[in-house]
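Reading the structure
Listed below are the residues making up each chain.
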Amino acid sequence: MTKTVTVRDIVIGEDTPKICVPLVAETLAQLKEEAEFLKTIDLDVVEWRVDFFDKVEEIEQVKKALVEIRTLLPNTPLIFTFRSHKEGGNKEITTSFYFQLNNTAAETGMVDIIDVELFNDEKEVQALIENAHAKNVFVIISNHDFDKTPAKEEIISRLRKAQELGGDIPKIAVMPTSAADVLTLLDATNTMREQFADRPFITMSMAGKGVISRLAGEVFGSAVTFGAAKKASAPGQVNVKDLRSVLNMLHANL
């Protein structure tokens, strides 16, 4: 039986996929306004996409912003994510600062999950996971391909690698160029669930063609889906209200 991940009172890996909404504001003032707005949204998890933050290269400013976010969203599970430019992020930083930033976030006690990209030095990833776990912080190990949809076997291989490294929630997002690509992602998701997964994982096919993958996670095995409140952080994210409605409809009929 696949284990679940419980973050605050949200159980990831059972029933309907949990809805995660990104914080993508650039300034501290805008972040506070956006976090205030998210209090009115029917969501399960918030992801701070810190690569959008204009002061991301100043550690003390990042910590200050985390205090503000946590004050406004005291009980909401919070993912801390710096998405690298090569995987669709808003800006680039050095690898050493990337790990410093994530270690610092884990050590603040204000985030529940950090997102670490799979294609980094394996020893550094494992050290970061150990540090996060020591602080009772969960780890998503992620991979994003904005160019294509890899073969089914490669999708599964990357998810399994994330699992083997010790990530609590493996994640992959891929870009479809055809309906067949979306089917490849869904087939890989189903096979991962049936044959290899021992923990929750996240998959999605991006852009308009891939929207079905954001809706049908409960059928195929993806445990979290990303919805948009004001501004999407990736192509194909659905409005949260519509997303919740469809997820509930599917769940009621399964």
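First, a word on scope: everything that follows refers to the structure included in this document.

**Points about unusual backbone geometry**
Backbone phi values are negative for most residues with the exception of glycine, while trans is the configuration of most peptide bonds. One non-glycine residue, R8, lies in the positive phi region at around 55°. Secondary-structure assignment places R8 in the loop between strand 1 (5–7) and strand 2 (10–12). Note on R8: relative accessible area 38%, which makes it partly exposed. Although it is not a glycine, A207 sits at a positive phi angle of roughly 65°. Its place among the elements puts A207 in the loop between strand 9 (202–205) and helix 7 (211–215).

**Describing the pattern of salt bridges**
Scanning all chains against the criterion turns up 15 salt bridges. With a shortest N-O distance of 3.0 Å, R83 and D115 are connected by a salt bridge. With a gap of 32 residues between them, R83 in the loop between strand 5 (78–81) and helix 3 (95–108) and D115 in strand 6 (residues 113–117) connect regions that are remote in the sequence. This pair shows no difference in class: R83 is buried, exactly as D115 is. Of the charged contacts in the structure, one is a salt bridge between E122 and K161, with a shortest N-O distance of 3.0 Å. One end of the pair, E122, is in helix 4 (residues 122–134); the other, K161, is in helix 5 (residues 152–165), with 39 residues separating them in the sequence. K161 gets classed as partly exposed once you look at its relative accessible area, which sits at 29%.

**Brief notes about the nonpolar core**
Grouped together as the largest cluster of nonpolar side chains are 50 residues, with contacts concentrated most on W48, V50, F80, L101 and I114. Here W48 is in contact with L23, L31, F53, V62, A65, L66, I69, L78, I79, F80 and T81, once residues within four sequence places are set aside. The next biggest cluster of nonpolar side chains, apart from the first, holds 18 residues, and it includes I113, I140, M206 and A223.

**Quick word on the environment of A229**
Secondary-structure assignment places A229 in the loop between strand 10 (224–228) and strand 11 (238–239). Expressed as a C-alpha distance, the spacing of A229 and M175, which sit 54 residues apart in the sequence, is 22 Å. With residues up to four places along the chain from it excluded, the contact list for A229 reads V21, F37, L38 and V240.

**Focus on the sheet that holds strand 9**
The strand order 9-8-7-6-5-4-3-10-11 describes an open sheet built from nine strands, whose pairing is parallel. Two strands in the sheet have a free side with no partner beyond their single neighbour: strand 9 and strand 11. Here strand 3 (residues 18–23) runs beside strand 4 (residues 45–49); their pairing, made up of four bridges, is parallel. Residue pairing across strands places P22 opposite E47, the latter belonging to strand 4. On the sheet, helix 6 (residues 179–196) packs against strand 8 (169–174) and strand 9 and is oriented at approximately 170° with respect to strand 9.

**A closer look at a negative patch on the surface**
Taken together, E26, D54, E57 and E58 make up a surface patch of like negative charges. Inspection of the secondary structure puts E26 in the loop between strand 3 and helix 1 (28–38).

**A word on helix 4**
Since there are 3.6 residues in each turn of an α-helix, residues three or four apart along the chain are aligned in direction. The end-to-end C-alpha separation of helix 4 is 18 Å, in line with the 18 Å expected for 13 residues at 1.5 Å each. Along helix 4, the positions that sit buried rather than exposed are V125, L128, I129, N131 and A132. All buried residues of helix 4 project into a common sector of 165° when viewed along the axis, lining one side. More than 90 degrees from the buried face of helix 4, the exposed residues found are K123, E130 and A134.

**With respect to the pairing of strand 6**
Burial of strand 6 is extensive: five of the five residues sit out of reach of the surface. On strand 6, burial covers both faces: I113, D115 and E117 on one face and I114 and V116 on the other are all buried. In the sheet, strand 5 pairs with strand 6 via three bridges, with the strands oriented parallel. Bridge pairing in strand 6 places I79 opposite I113. With helix 3 bridging strand 5 and the parallel strand 6, this β-α-β connection has right-handed handedness. With five bridges connecting them, strand 6 and strand 7 (residues 138–145) associate as parallel partners. Across the sheet, I113 pairs through a bridge with F138, a residue of strand 7. Read from strand 6 through helix 4 to strand 7, the crossover connection turns out right-handed.

About the cut-offs
Residues numbered from 1 in each chain as written. Predicted model: local features only at pLDDT ≥ 70, side-chain atom pairs only at ≥ 80, totals over all residues. Heavy atoms only, no water. Helix = DSSP H or I, 4+ residues; strand = E, 2+ residues; numbered from the N terminus. Buried < 20%, exposed > 50% of the residue type's maximum accessible area, 1.4 Å probe, protein only. Salt bridge = Lys/Arg side-chain N within 4 Å of Asp/Glu carboxyl O. Core = buried A, V, L, I, M, F, W, Y, C linked by side-chain atoms within 4.5 Å. Contact = heavy atoms within 4.5 Å. Pairing = 2+ DSSP bridges. Axes fitted to C-alpha atoms, helices over the stretch in contact; angles between N-to-C directions. Patch = residues over 30% accessible without salt bridge, like charges linked within 9 Å, V, L, I, M, F, W, Y side chains within 5 Å. Areas by Shrake-Rupley, 256 points an atom, 1.4 Å probe, with all protein chains shown as cover. Lys, Arg positive; Asp, Glu negative; His and termini not counted. Charge placed at Lys NZ, Arg CZ, Asp CG, Glu CD. Expected span 1.5 Å × (residues − 1). Arc of directions from axis to C-beta. Right-handed = clockwise from strand over helix to strand, strands pointing away.

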